[in-house]
Amino acid sequence: MFSQLHLKYLTFLLLILAIACSRKPSGVFLASELPEKPDYADPDAWAALPTKKDSADLFPSSLENRQDTAKVDVFFLYPTSFTGKADDHEWNAAIDKKEINQKTDRTSIKFQASIFNGVARVFAPRYRQAHLNSFFTKDHKHDGENALRIAYEDVRAAFQYYLEHYNDGRPIIIAGHSQGALHGRTLLTEFFDTTELKDKLVAAYLVGYPVYKEQYENIPVCVTAEQTGCFCSWRTYKQGYELKNSKDLDKIAVINPLTFTNEEGWVPNDKNQGAILFDLDKILVGNVGAEIHNGILWTNKPKFKGSWLYWTKNYHPGDFNLFYMNVRENVATRVKEYLSNHP
């Protein structure tokens, strides 16, 4: 038998991949019913700040949280946690919804944003995220687009506030997962690609959402583990899975987070320094191998207590966590390289 925590987390992993009819907004997007805009001068408008105690401060006991001495910042954008029941016109979540914030903090901030605290101060704004249905609806396609636009407006406002009040000329990592990666992708276009801020970009980790190889004029795909001023991206599926009804898969950027190159071919499990799925102190060394294949990343089925119940071939919730230790090491490698070239 596995623990109640494992059951709850496994349930979350499964539910985030499906939308029950009773759980999604069914009416049109109404600007008049949007939640109030966040005020990023208020620390409560941030899921993580270096100046307050939050889930991004957590770390495996064998490692360290070095935000106090870090010379680099990460601006982290969490994935969709607004997956539950929504009112008819409730396409965007208010940032003061306790249940949603707890879900965000106990999953993404704890198990994803914490990856970066060994070498970077962590900034993660709360934003009026779009409901999960915004990505899948056919009947309300434009409503979903409007909801995502509002979410990005908040991300943009938070980043501007960060630049004006927190950054002080420090190098920046942009990181995001799923909906967060979508907004991070746009953030790079607006603030970095054709501006002087590009020189402050250590790297971007845009994971769980497609990013094209030629997405940017001046920001290339990372093709070596030491490269800076570039972006990494991957989407994780079980080995053998093929995306259906997808075009231009050869144009999508994919790097292998076990090597941080774009080289094809199977990279074995022994190159995996450790997945972290349910407990920061349970580092699952050698849990999965990985291979780049046709616009996505293939892995073998992850092993954890109760994994026999995990039937889906879409490993999206584990995009970061299946490679937690490799990503953490790679962030440190890129930061060291960047700082050596920008003394």
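The text that follows walks through the structure, step by step, so that each part is easy to find. (Residues numbered from 1 in each chain as written. Predicted model: local features only at pLDDT ≥ 70, side-chain atom pairs only at ≥ 80, totals over all residues. Heavy atoms only, no water.)

1. Observations regarding the sheet that holds strand β8 (residues 291-293)
Right, so step 1: Strand order across the open sheet formed by three strands is β7-β9-β8, with mixed pairing between neighbours. Every interior strand has two partners, whereas the edge strands, β7 (236-238) and β8, have only one. Strand-to-strand twist in this sheet, taken as the mean axis angle between neighbours without regard to direction, amounts to 45°.
Right, so step 2: Bridging between β8 and strand β9 (residues 296-299) involves three bridges; their strand directions are antiparallel. Paired with Ile292 across the strands is Leu297, a residue of β9. (Pairing = 2+ DSSP bridges. Helix = DSSP H or I, 4+ residues; strand = E, 2+ residues; numbered from the N terminus. Axes fitted to C-alpha atoms, helices over the stretch in contact; angles between N-to-C directions.)

2. Points about the packing of aromatic side chains
Right, so step 1: Under the criterion given, the structure shown has 24 aromatic pairs.
Right, so step 2: Seen in terms of ring centroids, Trp234 and Phe320 are 6.1 Å apart; in terms of plane orientation they differ by 80°. Their pairing is edge-to-face. You can see Trp234 sitting in the loop between β6 (230-232) and β7 and its partner Phe320 sitting in the loop between β9 and α5 (324-341), a full 86 residues away along the chain.
Right, so step 3: We classify Trp234 as buried; its relative accessible area is 1%.
Right, so step 4: Judged by relative accessible area, which is 0%, Phe320 ranks as buried.
Right, so step 5: Taken together, Tyr40, Trp46, Phe75, Phe123, Phe159, Tyr161, Tyr162, Tyr166, Phe191 and Phe192 form an aromatic cluster joined through their ring pairs. (Phe/Tyr/Trp six-rings, centres within 6.5 Å; stacked < 30°, edge-to-face > 60°. Buried < 20%, exposed > 50% of the residue type's maximum accessible area, 1.4 Å probe, protein only.)

3. Concerning the state of the cysteines
Right, so step 1: Considering all chains together, one arrives at one disulfide under this definition.
Right, so step 2: Each sulfur in the disulfide pair Cys222 and Cys230 lies 2.1 Å from the other. Between Cys222 and Cys230, the disulfide has an S-S torsion of 95° and is therefore right-handed.
Right, so step 3: Relative accessible area serves as the criterion here: at 0%, Cys222 is assigned to the buried category.
Right, so step 4: Looking at the unpaired Cys232, the closest cysteine sulfur is the one in Cys222, lying at 3.6 Å. (Disulfide = S-S within 2.5 Å.)

4. Quick word on the pairing of strand β5 (residues 201-207)
Right, so step 1: In terms of burial, β5 is largely enclosed, as seven of its seven residues are buried.
Right, so step 2: Judged from the six bridges that link them, strand β4 (residues 172-177) and β5 form a sheet pairing that is parallel. If you follow His177 over to β5, its bridge partner there is Val207.
Right, so step 3: For the handedness criterion, the β-α-β arrangement of β4, helix α4 (residues 179-191) and β5 is classed as right-handed. (Right-handed = clockwise from strand over helix to strand, strands pointing away.)

5. So, the packing of helix α3 (residues 141-167) against α4
Right, so step 1: Axis separation between α3 and α4 bottoms out at 10 Å; the angle between their running directions is 55°. What the angle tells us is that α3 and α4 run oblique. Handedness of the crossing formed by α3 with α4: right-handed. Contacts from Leu148, Ala151, Tyr152, Val155, Arg156, Phe159, Gln160 and Leu163 in α3 reach Gln179, Leu182, His183, Thr186, Leu187, Glu190 and Phe191 in α4. (Parallel < 35°, antiparallel > 145°, perpendicular 65-115°, else oblique. Left-handed = near helix turned anticlockwise from the far one by under 90°. Contact = heavy atoms within 4.5 Å.)

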